[in-house]
Amino acid sequence: MTQVCLTIPSVPEYVAVARLTAAGVAARSGMTVDGIEDIRIAVDELCFLLLIGADPSGTIELTFTIAAGTLGVEGRLHGRTEAPGEISELSRQILSVVTDSFDTVLSNGQRSFRLTKQLETVVA
């Protein structure tokens, strides 16, 4: 099992860092180009969900885990949030296409997400 952790400020300008990290971890795992793009899109959608109404002095913590042929990503907002962060139907449809599973949680004012994607590696 391999884990990569990333903490970014809870402001939109840093979501690009999360996308780049997601793409790098997916590439390093041996995922196909399409799989890499899927992970990048999913992390982008879910990070922006965490940012809805988030206090800009907070952080987003991401943990990427490669294990048993799967890439998993967990994200958690640390800091106050003023909005429930409802996922739009369009985002839900996009995430259904680009992940094998995803879940969003709002508990005690804290938002988090989890996603998984099977590693469909490049065949030589």
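Rules used throughout
- Residues numbered from 1 in each chain as written.
- Predicted model: local features only at pLDDT ≥ 70, side-chain atom pairs only at ≥ 80, totals over all residues.
- Heavy atoms only, no water.
- Core = buried A, V, L, I, M, F, W, Y, C linked by side-chain atoms within 4.5 Å.
- Buried < 20%, exposed > 50% of the residue type's maximum accessible area, 1.4 Å probe, protein only.
- Helix = DSSP H or I, 4+ residues; strand = E, 2+ residues; numbered from the N terminus.
- Contact = heavy atoms within 4.5 Å.
- Disulfide = S-S within 2.5 Å.
- Pairing = 2+ DSSP bridges.
- Salt bridge = Lys/Arg side-chain N within 4 Å of Asp/Glu carboxyl O.
- Expected span 1.5 Å × (residues − 1).

Draft legend 1. Layout of the nonpolar core. Core analysis: the largest hydrophobic core is formed by 32 residues, its most contacted members being Ile 39, Val 43, Leu 62, Phe 64, Leu 71 and Leu 115. For this core, the secondary-structure elements that each account for two or more residues are β1 (2–9), α1 (15–28), α2 (33–51), β2 (59–67), β3 (70–78), α3 (89–98) and β5 (110–118). For this core, the element with the most residues is α2, which contributes nine residues. With residues up to four places along the chain from it excluded, the contact list for Leu 71 reads Val 25, Ala 26, Met 31, Ile 39, Phe 64, Thr 65, Ile 66, Leu 115, Thr 116, Lys 117 and Leu 119.

Draft legend 2. Highlighting the state of the cysteines. Following the criterion strictly, the structure yields zero disulfides and no others. Among the cysteines around Cys 5, which has no disulfide bond, Cys 47 carries the closest sulfur, lying 14 Å off. You can call Cys 5 exposed: its relative accessible area is 57%.

Draft legend 3. Seen up close, the pairing of strand β4 (residues 101–107). Looking at chain direction, β4 and β5 are connected through seven bridges and run antiparallel. Bridge pairing links Ser 107 to Gln 110 in β5.

Draft legend 4. Summary view of the pattern of salt bridges. Counting across every chain of the model gives five salt bridges. Of the charged contacts in the structure, one is a salt bridge between Asp 38 and Lys 117, with a shortest N-O distance of 2.8 Å. Here Lys 117 lies in strand β5 and Asp 38 lies in helix α2, a separation of 79 residues in the sequence. Comparing Asp 38 with Lys 117 shows no difference in burial state: the two are buried. A salt bridge links Arg 80 to Asp 55; the nearest nitrogen and oxygen atoms lie 3.3 Å apart. On the criterion of sequence distance, the pair formed by Arg 80 in the loop between β3 and α3 and Asp 55 in the loop between α2 and β2 is long-range, its members being 25 residues apart.

Draft legend 5. Quick peek at α1. In a regular helix each residue adds 1.5 Å, so 14 residues correspond to 20 Å; α1 covers 20 Å between its end C-alpha atoms and thus fits that length. For α1, every residue scored as buried is listed here: Val 15, Ala 18, Thr 21, Ala 22, Ala 23, Val 25 and Ala 26. Looking at the buried positions of α1, the neighbouring elements they touch are β1, α2, β2 and β3. Once α1 finishes, Gly 30 follows within two positions and takes phi at roughly 95°, a positive value.

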